[in-house]
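Spelled out from the first residue to the last, the chains are:
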Amino acid sequence: MVYQLKDHQFEIVRGSGSQTGYRFGLGLPVAVLADGFHPGESSWATQDATNSRRGNTVFGRDTRGGSPWTFDWFTNGEDPETSLAEIEALGLSWGIPSVYEQALAMQRLRYRVAGRDRCIFGRPRKFSATPNNEITYGVTRGSMEFVPVDGNTYSDLEHSVSVGFTSDADGGGWVFPVVFPLETVASTGFGKGSVYNAGNVRTFPTIRFVGPLTDPSISCSAWTLKLSGSIPASEWVEINTAPWSMTILNQDGASRMSMLDSRIWLEDCYVMPATTDFRLGGISANSSASCEIRWRDAWTTI
């Protein structure tokens, strides 16, 4: 169950998809100083150059990233024992082995500010606690840092839409090799669905094709994502299009990157703000095939 944060409360969860973690902030055992929350500012990796003859700046292709979010905090305990216990609980959550021992793995930092429930993804970094004589009445001060994977914030709730598969009236045919006794006849088909990104910047969806489906594709007006090969009934292949992930895995966690059309770049498969209409394509023996699209609304600010 997802805990509903109150204003100016935060939660560091145990993984990017986890729902539980350690909560801190206003009114909690570990509170953030009134001026102790410093969300990262936008940072740019630029290709600026100076024209040596005219002196003007020549702009290249820039990319926008994020900088660390920092927190100055204090324990609001009753005695030294409760203060140290809370520091230990926070420290255990601020970087966990199942994340930092795995390449690409991240934790999620949830927050609520001015009624906005959002999150960022990345990894906890610096953590310090400095006990002094205040600990005698349950107060210990410290600071910590979280490095986001990019410069955006995301909706705390992940949205999803399921696109069903319907056979074309004019489609049909055989899938070879044919195995007798013949049980099914596969046909081409399609499905339609829409995604609404309520943010102000593009976001990268996760797309899951569910079999039985051969040569599945999903397309919108800006791009087409197509796989080559077959997905058996009751199995799936999932594509994470985020530039920091870009994985294609099946239900067993095995890579299926070889199914991707070599002309497709996953980082080009994003969803812009407002509504995007999608079309599912492929070949299937029945209407149980489908496609699930999951996404989080994205913003450039907190």
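Our structure's up above, just so we're on the same page.
**Student:** Can you lay out the overall build of the protein for me, pointing to particular residues and giving the numbers?
**Tutor:** Scanning the protein from terminus to terminus reveals two helices and 24 strands. For 302 residues, the compact-globule formula gives about 19 Å, and the C-alpha radius of gyration of the protein, at 24 Å, lies well above that figure. The 302 residues of the protein split such that 41% are buried. Total accessible area on the protein stands at roughly 16,100 Å², and carbon and sulfur atoms take up 51% of it. Across the protein, the centroid of the 25 positively charged side chains sits 6 Å from that of the 32 negatively charged ones.

**Student:** Give a description of the pattern of salt bridges that names residues and reports values.
**Tutor:** If you walk through the whole model with that rule in mind, you get 11 salt bridges. Ionic contacts of the salt-bridge type, sharing partners, join the residues Glu158, Arg208, Glu238, Glu292 and Arg294 into one network.

**Student:** Give a detailed account of the environment of Gly138, specifying residues and quantitative values.
**Tutor:** By the secondary structure assignment, Gly138 is in the loop between strand 10 (116–130) and strand 11 (141–148). Each C-alpha atom, one on Gly138 and one on Pro29, is 10.0 Å from the other, the two residues being 109 residues apart in sequence. Non-local contacts of Gly138, meaning those with residues more than four positions away in its chain, are made with Thr75, Asn76, Gly77, Glu78, Asp79, Pro80 and Ser83.

**Student:** I'd like a description of the side chain of Arg108, backed by residues and values.
**Tutor:** Here Arg108 lies in strand 9 (residues 107–113). Taking the relative accessible area as the measure of exposure, Arg108 reaches 2% and is therefore buried.

**Student:** Tell me about the packing of aromatic side chains, residues and numbers included.
**Tutor:** Inspection of the entire model under this criterion finds 15 aromatic pairs. Ring plane angle 80° and centroid distance 6.0 Å describe the contact between Phe204 and Tyr270, whose orientation is recorded as edge-to-face. With Phe204 in the loop between strand 15 (187–197) and strand 16 (206–210) and Tyr270 in the loop between strand 21 (247–250) and strand 22 (274–284), this residue pair connects regions lying 66 residues apart in the sequence. Accessibility expressed as a relative area gives 17% for Phe204, which makes it buried. Here the aromatic cluster, defined as three or more aromatic residues joined through ring pairs, consists of Phe10, Phe24, Phe37, Trp69, Phe71, Trp94, Tyr111 and Phe146. Above the face of the Trp299 ring, Arg118 is positioned so that its terminal group lies 3.6 Å from the ring centre. The ring of Trp236 carries the charged tip of Arg208 above its face, separated from the ring centre by 3.7 Å.

**Student:** Can you lay out the state of the cysteines for me, pointing to particular residues and giving the numbers?
**Tutor:** As enumerated under the stated definition, the model contains zero disulfides in all. Between Cys220, a free cysteine, and Cys269, which holds the nearest cysteine sulfur, the sulfur-to-sulfur gap is 7.9 Å. According to the relative accessible area criterion, Cys220 is buried, its value standing at 14%. For Cys291, which is in no disulfide, the shortest distance to another cysteine sulfur is to Cys269 and amounts to 12 Å. For Cys291, a relative accessible area of 0% gives the class buried.

**Student:** Kindly report on the environment of Arg125, identifying the contributing residues and their values.
**Tutor:** Note that Arg125 resides in strand 10. Contacts of Arg125, omitting those with residues within four sequence positions, involve Trp94, Glu145 and Val147.

**Student:** Describe the nonpolar core, and please don't skip the residues or the numbers.
**Tutor:** Phe209, Ile218, Leu225, Leu227 and Ile293 are the most contacted members of the largest nonpolar core, which totals 28 residues. Counting only elements with at least two residues in this core, the list comes to strand 13 (159–164), strand 16, strand 17 (213–219), strand 20 (236–240), strand 22 and strand 23 (290–295). Looking at which element gives the most residues to this core, the answer is strand 23, with three residues. Not counting residues up to four positions away in its chain, the partners in contact with Ile293 are His159, Ser160, Val161, Val195, Pro205, Thr206, Ile207, Ile218 and Phe278. Phe24, Leu90, Leu109 and Met144 belong to the second largest nonpolar core, which has 19 residues in total.

Quick notes on the rules
The residue numbering used here restarts from 1 in each chain and proceeds along that chain's sequence as written. With the structure being a predicted model, the display of local features is reserved for residues of pLDDT at least 70 and the display and counting of side-chain atom pairs for 80 or more, all residues being used for whole-chain, interface and lining totals. The basis for the side-chain values is all heavy atoms of the structure; hydrogens and waters are excluded. Numbering goes from the N terminus for both helices and strands, where a helix is a DSSP run of H or I of at least four residues and a strand is a run of E of at least two. In this setup the radius of gyration rests on C-alpha atoms only. A globule is expected at 2.2 Å times the number of residues raised to 0.38. Three exposure classes are used, based on accessible area relative to the maximum for each residue type with a 1.4 Å probe and protein chains only: buried under 20%, partly exposed in between, and exposed over 50%. In short, Shrake-Rupley with a 1.4 Å probe defines the accessible areas, and a residue's cover is counted only from the protein chains shown. Counting rule applied: Lys, Arg positive; Asp, Glu negative; His and chain ends not counted. Where a charge sits is defined by one atom per residue type, namely NZ (Lys), CZ (Arg), CG (Asp) or CD (Glu). When a carboxyl oxygen of Asp or Glu is within 4 Å of a side-chain nitrogen of Lys or Arg, the pair counts as a salt bridge. Contacts were defined at the residue level, with two residues in contact if any of their heavy atoms lie within 4.5 Å. For this analysis, a ring pair means two rings from Phe, Tyr or Trp (six-membered ring only for Trp) whose centres lie within 6.5 Å, classed as stacked if their planes differ by under 30 degrees, edge-to-face if by over 60, and tilted for the remaining angles. Throughout this description, the term charge over a ring refers to an Arg CZ or Lys NZ atom that lies within 6 Å of the ring centre and within 35 degrees of the ring normal. Note on disulfides: each one is a pair of cysteine sulfur atoms within 2.5 Å. Throughout, nonpolar core names a set of buried Ala, Val, Leu, Ile, Met, Phe, Trp, Tyr and Cys residues whose side chains join them through atoms within 4.5 Å.

It is worth stressing that arrangement in space is one thing and function is another; only the former is reported here.
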